[in-house]
Amino acid sequence: MPSAYENALKQIDKAAALTKVDSETLARIKSVNKIVQVEFPIVLDSGKTKIFQAYRVQHNNWRGPYKGGIRYHWNVDLDEVKALATWMTLKCAVLDLPMGGGKGGVIVDPRDCSKSELEKISRAFARAIVTDIGPEVDVPAPDVYTTPEIMGWIRDEYEKITSTSAPALITGKKVENGGSEGRDIATAQGGVHVLNEAVKKLKLNAKGLRVVIQGFGNAGGVMARLLFEQGYKIVGIADSKGAIYNPDGFEPKLVYSCKLEKGAVNNCSITLHEDNAKNTVHLSNEELLEQDCDILIPAALENQITGQNADRIKAKLIVELANGPTTTGADRILREKGIMVAPDILANAGGVTVSYFEWLQNKRDEKWSKEDVLQKLEEKMVAAFAAVYEKAQELDVDLRRAAGVLAIERLVKAMPKSA
Ligand code: GLU
């Protein structure tokens, strides 16, 4: 598996080469401010005690408090969390949010945990990092396999220890616990705006465009539904256990109910019409990426499109709803093939954008309507796409490098003097 952090650094180098930034400033942009590494014991339901390992990485706070999710995943490691924190810094800068970049990760398979074990883990993690987080310091949020309920436990633990009321400590909370309307669909909805803008630039007719989505959780699952409602044809879906493909198209809601019932999308054949179900083919997650489609949406994990498979990608457009799904080696191949890539630090920024709105509402003691939040999200995403696209035209480079340039230029403006 290639190093995600090395990939992130290479992406920064490639963008920086197009700017006037000097090598010392570049080194400061690339460096990680702080790594918090903790271990804590949890008594499992079985009565056994297990030690869990977790991280909070604070990459950069020149533009505002560290901001970024907490991931619960069995493959979490420090390299990955550093990469994810770095991408958050760039992402917040591309969206022009007054926030920096951070990320957390706990090494755990949440699929094997009971609710009470998850609560103990979340509270223990909050206790372990309590002095490193805070509404003006570092503001966590959900990420892969973490939920609004988990955000609530972390908030509650923090407030107990600090004897404060601190709704702005963490975002992605339940609406009834200080969360924002629209946050639940924000990552997907932001991705839809970017996808629609890219489709316009490519002069494609949106109606009936064939979409393959890898990932069927809060990002990919919701995006599949939103795109289906807009008339896109969802021909391929994968979750962590496998994939299905059918050129006649799936109705994501039906696939979702089937997945709930049968445990994995790979156990489902269900499409729009019963008659078409026989055309459903069952594939591995990797095979799905290479199927015939117009738009490919990696919405799961890092390093999915690499030098090994990029040549076999058939899509005309890739919209990165996951963080870091494409390696720099793959980027080169995709560029040669003329495939447009809407990069993660733009395409999946809807989540952190509404997180920022949530943080603002909490600080100002306001409650914005869903309509208002989604309207503001659309404005932010469309403006960011336009700025990145314009930069790409100006420099004659792909959208990833252009987004990187934009982020670096904004970071340099906010850079404090060194000691
Ligand atoms: N985990 C999401 C991301 O990777 C959201 C972060 C946030 O809302 O702070 O962008």
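Residues numbered from 1 in each chain as written. Predicted model: local features only at pLDDT ≥ 70, side-chain atom pairs only at ≥ 80, totals over all residues. Heavy atoms only, no water.

Peer 1: Got a minute to help me understand the layout of surface pockets in this structure?
Peer 2: To find leftover empty space, a probe the size of one water molecule is rolled over the atoms. Space inside the second largest pocket adds up to approximately 290 Å³. Elements supplying a minimum of two residues to the lining of the second largest pocket: α10 (328-336), β12 (340-342), α13 (370-395) and α14 (399-414). Its residues placed into classes, the lining of the second largest pocket shows nine nonpolar, two polar and four charged. (1 Å grid on protein atoms, 1.4 Å probe; cavity = no way out; pocket = protein on both sides within 12 Å on 5 of 7 lines; lining within 4 Å. Points joined across faces, edges and corners; volume = space filled by probe spheres on them. Helix = DSSP H or I, 4+ residues; strand = E, 2+ residues; numbered from the N terminus. Nonpolar A, V, L, I, M, F, W, Y, C, P; charged D, E, K, R; others polar.)

Peer 1: Before we go on, may I ask you to explain the nonpolar core in this structure?
Peer 2: Buried together is how nonpolar side chains tend to be arranged in soluble globular proteins. Grouped together as the largest cluster of nonpolar side chains are 91 residues, with contacts concentrated most on Leu195, Met223, Leu227, Ile295, Ile297 and Val319. With ten residues, helix α3 (residues 78-94) is the single largest residue contributor to this core. The residues contacting Val319, other than those within four sequence positions of it, are Gly191, Leu195, Met223, Ile295, Leu296, Ile297, Pro298, Ala342 and Ala347. Residues Val36, Tyr72, Ile150 and Trp153 belong to the second largest nonpolar core, which totals 26 residues. (Core = buried A, V, L, I, M, F, W, Y, C linked by side-chain atoms within 4.5 Å. Buried < 20%, exposed > 50% of the residue type's maximum accessible area, 1.4 Å probe, protein only. Contact = heavy atoms within 4.5 Å.)

Peer 1: What is the right way to read the pairing of strand β2 (residues 49-60) from this model?
Peer 2: Working note: regular strand, side chains alternate between the two faces of the sheet. Bridge count between strand β1 (residues 34-43) and β2: ten bridges; the pairing is antiparallel. Paired with Gln37 across the strands is Tyr55, a residue of β2. Following β1, the chain reverses through five residues before pairing antiparallel with β2; Gly47 in that reversal takes a positive phi of roughly 95°. (Pairing = 2+ DSSP bridges.)

Peer 1: Would you mind showing me how to read the packing of α13 against α14 here?
Peer 2: Two packed helices can be described by the angle between their axes and the distance between those axes. Two numbers describe how α13 lies on α14: the axes approach to 8 Å, and their chain directions differ by 105°. In this view, α13 runs roughly perpendicular relative to α14, as classed from their interaxial angle. Across the interface between the two elements, Phe385, Ala387, Val388, Tyr389, Lys391, Ala392 and Leu395 of α13 pack against Leu399, Ala402, Ala403, Val405, Leu406 and Glu409 of α14. Class assignment for the residues of the contact of α13 with α14 results in eleven nonpolar, no polar and two charged. (Axes fitted to C-alpha atoms, helices over the stretch in contact; angles between N-to-C directions. Parallel < 35°, antiparallel > 145°, perpendicular 65-115°, else oblique.)

Peer 1: Before we go on, may I ask you to explain the side chain of Gln214 in this structure?
Peer 2: Summarising the element assignment, Gln214 is placed in strand β6 (residues 210-214). By relative accessible area, which is 1% here, Gln214 ends up buried. In contact with Gln214, not counting residues within four places along its chain, are Ala238, Asn285, Leu289, Ile297, Pro298, Ala299, Ala300 and Gln304.

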